[in-house]
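Spelled out, the chains give:
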Amino acid sequence: MPENPPSNRTKVTVQEAHLLVSPAQSSKLAALRDRARGVEVAPVVIPANPINTALSDDVAAELRKARRLIDGRCAVIMGNYPKAKQNKLFSLRFGPIEELKKLPVSVIFKRLDLDSQLLDQRLLGKLDYHGHTPE
């Protein structure tokens with residue numbers, strides 16, 4: 001067998017590796033880094049809107065309870081989706097969140113698969129998430 005002649009090539013080593021995107025500017029890289037470090041990801045917080053002040057105390061209390069249940073369920077659902085696509089995937093399944101909040105509370109509970117026995121439905125009637133009667 002013929003032996004291979006010694007090569008005259010020089011070996012090259014790479015000392016630097018630049019990323020296309022800076023790690024500080026990429027939310028996906030930051031999420032991967034946090035997950036690797038074991039950092040707990042904060043749940044999505046949906047800002048609360050004021051309740052209609054013309055409502056009686058009983059109705060307002062029941063509406064606050066309904067809003068707390070709805071916000072909690074939305075946060076759980078959105079928490080299951082990737083951070084960058086939470087709103088898009090939520091709106092594909094349930095509709096845009098602002099449009100959802102314009103519906104009566106009873107319809108929202110059905111759509112989000114919440115237990116309607118937790119509320120007094122006769123107090124809420126046709127009120128939407130903000131305490132207004134939808135047209």
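Fair warning: this is a prediction, and the values are worked out from it, not measured in the lab.

Draft legend 1. Spotlight on the overall build of the protein. The secondary structure content of the protein amounts to six helices and zero strands. If you list the helices and strands of the protein from N to C, you get α-α-α-α-α-α. The burial tally for the protein puts 26% of its 135 residues in the buried class. Counting every atom, the protein has about 10700 Å² of accessible surface; 54% of that belongs to carbon and sulfur.

Draft legend 2. Quick look at the nonpolar core. By size, the foremost hydrophobic cluster in this structure holds 21 residues, and its most contacted members are Ile70, Phe90, Val105 and Leu112. Put simply, the parts of the chain that give this core at least two residues each are helix H2 (57-79), helix H3 (86-94) and helix H5 (105-111). In terms of residue count, the dominant contributor to this core is H2 (eight residues). Once residues within four sequence positions are removed from consideration, Leu112 is found in contact with Ile70, Arg73, Cys74, Ile77, Phe90, Phe94 and Leu100.

Draft legend 3. Quick peek at the packing of aromatic side chains. Taken as a whole, this structure holds one aromatic pair when the rule is applied. Ring geometry for Phe90 versus Phe94: centroids 5.0 Å apart, planes at 40 degrees, classification tilted. With Phe90 and Phe94 both in helix H3, this residue pair falls four residues apart, about one helical turn.

Draft legend 4. Representation of the confidence of the model for the protein. On average, residues of the protein score 79 in pLDDT, and 79% of them reach the 70 mark or higher. Here helix H1 (residues 27-37) stands out as the element of the protein with the lowest mean pLDDT, 78, in contrast to H3, whose mean of 90 is the highest.

Draft legend 5. Highlighting H3. Listed as buried for H3 are Gln86, Phe90 and Phe94. One side of H3 carries all its buried residues, which in axial view fall inside an arc of 30 degrees. Facing away from the buried side of H3 by more than 90 degrees, the exposed set consists of Lys88 and Leu92. Buried-residue contacts for H3 involve H2, helix H4 (97-100) and H5. Once H3 finishes, Gly95 follows within two positions and takes phi at roughly 100 degrees, a positive value.

Draft legend 6. Up close: the pattern of salt bridges. Using the criterion set out here, one finds two salt bridges in the structure. Residues Lys102 and Glu99 are paired through a salt bridge, measuring 3.5 Å at the closest nitrogen-oxygen approach. The partly exposed category is assigned to Lys102, whose relative accessible area is 48%. Of the residues examined, Glu99 reaches a relative accessible area of 45% and is grouped as partly exposed.

Draft legend 7. View of H2. Compared with an ideal rise of 1.5 Å per residue, which puts 23 residues at 33 Å, H2 spans 32 Å between its outermost C-alpha atoms and is within 8% of the ideal. Taken as a whole, H2 has its buried residues at Val59, Ala60, Glu62, Leu63, Ala66, Arg67, Ile70, Asp71, Cys74, Ala75, Ile77 and Met78. Next to the buried residues of H2 lie H3, H4, H5 and helix H6 (121-124).

Parameters and conventions
Residues numbered from 1 in each chain as written. Predicted model: local features only at pLDDT ≥ 70, side-chain atom pairs only at ≥ 80, totals over all residues. Heavy atoms only, no water. Helix = DSSP H or I, 4+ residues; strand = E, 2+ residues; numbered from the N terminus. Buried < 20%, exposed > 50% of the residue type's maximum accessible area, 1.4 Å probe, protein only. Areas by Shrake-Rupley, 256 points an atom, 1.4 Å probe, with all protein chains shown as cover. Core = buried A, V, L, I, M, F, W, Y, C linked by side-chain atoms within 4.5 Å. Contact = heavy atoms within 4.5 Å. Phe/Tyr/Trp six-rings, centres within 6.5 Å; stacked < 30°, edge-to-face > 60°. pLDDT = per-residue confidence, 0-100. Arc of directions from axis to C-beta. Salt bridge = Lys/Arg side-chain N within 4 Å of Asp/Glu carboxyl O. Expected span 1.5 Å × (residues − 1).

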